[in-house]
Amino acid sequence: MAERDDAQERTEQPSAKRLQDAREKGQIARSRELTTMFVLLGGAATLYLSGNHFFSGLGQILSRSFALSRPDIFSVHIIPLRALELMLDALIALAPILFMAVVVALLAPLALGGWNISAEALLPKFERLDPIKGLQRVFGARGLVEMLKALAKFALVLVFTVAALRYEQADIMTLAGVGVEAGAARAAGLLFQTFLVVSLATVIVAAIDVPFQLWQHGRQLRMSRQELKDEMKETDGSPEMKSRIRSLQQEVARRRMMEEVPKADVIITNPEHYAVALKFDPDRMAAPLVVAKGVDEVAANIRAVGDEHNVMRFAAPPLARALYYTTKLNHEIPAGLYVAVARVLAYVFQLRDGVVNVPLPTDLPIPDEYVH
């Protein structure tokens, strides 16, 4: 009952990983009827193209079969040799068709599923030797479907064959009144027509079987929502693990950022909630660089590290917020804030150089688009 409920819950399409895993196990959509159709149609085409070779070979076989002298008939050694020669002649006559059948049988899987070599599928599975499971496969729903398919295929091919033979009935009856070579050629022509009609019957069978195999394969690989979630956890990791990784990454990035604070020239503050550390080297930089920034606790840590290393602080709430929201870490400040930052840096550099009575810059222009 639980298995039935689980199967009913499998309403989701299989994921790419599920399809790849199934392919590695040898579980791919296959249609034997499609391969049979290609082989028969290829055989009919080969028989049509190499008809002269086949018909002449068939005529020679028939002629040599009936052209035996009296001593040959009663010879113990001649009859086996003649039989071997006739077998070789038949093999030569059928060689194009046999070669085509092998080639088409190798290429036919490319039409559905493609070539697939699975080491796992080649491993012996001893549960297949279980007679109970074997009976379940034979008499189960799938076995019933396969039996119905086989009966329907047999009935369809039988109908086409009987129709072809009835259509050719008059020509078949006339074969008794013609010579051996002419009769062989005519019989080969009738054989080709019958073969072609039977091959066309397999087209109908394959046209029904291919969509059914694709549907059945997709149905077997369907997944429940829980299976999708479990697979996502296996592939991408659990949400808790991803959150932990993000936290560790943020912690590493924050530690590296704090290592840059002592190298800053100034820390612009809110003064309580925001802190942005700037560094500027006129010889190497085109514009000041944001080496650290943060709010609340991170801002407090930036201020503490700055105080520890005697980095000057400058309180400018609008400028601090503008820098925080508009400039990424380790990026240059935007052009709209050049003037305001330049005045702050000029003030800081003068104090650092020992200039006394430096006026505190109060007019720091912040464009409207940078106001937060």
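Source: prediction; values computed, not measured. Counting of residues starts from 1 at the beginning of each chain's written sequence and follows it residue by residue. Local features in this predicted model are restricted to residues whose pLDDT is 70 or higher, and side-chain atom pairs enter the listing and the counts only when it is 80 or higher, whereas totals over whole chains, interfaces and linings include all residues. The basis for every side-chain value is the complete set of heavy atoms in the structure, and neither hydrogens nor water enter the calculation.

Time to look at the overall build of the protein chain. Each helix is a run of H or I in the DSSP string that is no shorter than four residues. Each strand is a run of E no shorter than two, and both are numbered from the N terminus. On a plain count of helices and strands, the protein chain comes out with 16 helices and four strands. Expressed as a percentage of contacts within the protein chain between residues at least 6 apart in sequence, the contacts between residues at least 24 apart total 73%. A 1.4 Å probe and the Shrake-Rupley method give the accessible areas. Residues count as covered only by the protein chains that appear here. Summed over its atoms, the accessible surface of the protein chain is roughly 24200 Å², and 62% of this surface lies on carbon and sulfur atoms. Pairs of residues are marked as contacts when any of their non-hydrogen atoms sit within 4.5 Å.

Below, the discussion takes up the sheet that holds strand 4 (residues 312–315). Across the sheet, which stays open at both edges, the four strands sit in the order 3-2-1-4 with mixed pairing between neighbours. The outermost strands of the open sheet, each flanked by one partner alone, are strand 3 (289–295) and strand 4. Neighbour-to-neighbour, the strand axes of the sheet open up by a mean angle of 20 degrees, direction not taken into account. Relative to strand 3, strand 2 (residues 274–279) runs antiparallel, the two sharing six bridges. Residue pairing for strand 3: V276 is matched across the bridge by K293. A pair of strands is considered paired only if DSSP assigns at least 2 bridges between the two. To obtain each axis, a line is fitted to C-alpha atoms, and for helices this fit is confined to the stretch in contact; angles are then taken between N-to-C directions over 0 to 180 degrees.

A separate point is the packing of aromatic side chains. Each aromatic pair joins two rings of Phe, Tyr and Trp (for Trp, the six-membered one) with centres within 6.5 Å, and gets the label stacked for planes under 30 degrees apart, edge-to-face for over 60, and tilted for any other angle. Per the counting criterion, the structure on display carries five aromatic pairs. On the basis of an interplanar angle of 35 degrees and a centroid distance of 6.0 Å, the ring pair of F212 and W215 is categorised as tilted. One end of the pair is F212 and the other is W215, both in helix 11 (residues 180–220) and three residues apart, which spans about a single turn. On the basis of relative accessibility, which here comes to 24%, the residue F212 falls in the partly exposed class. Arranged with centres 5.4 Å apart and planes meeting at 75 degrees, the rings of Y274 and Y324 form a pair that is edge-to-face. Placement of Y274 in strand 2 and of Y324 in helix 15 (residues 317–326) is noted, with a sequence separation of 50 residues between them. Accessibility here uses a 1.4 Å probe with only protein chains present; expressed as a share of the type maximum, an area under 20% marks a residue as buried, one over 50% as exposed, and anything in between as partly exposed.

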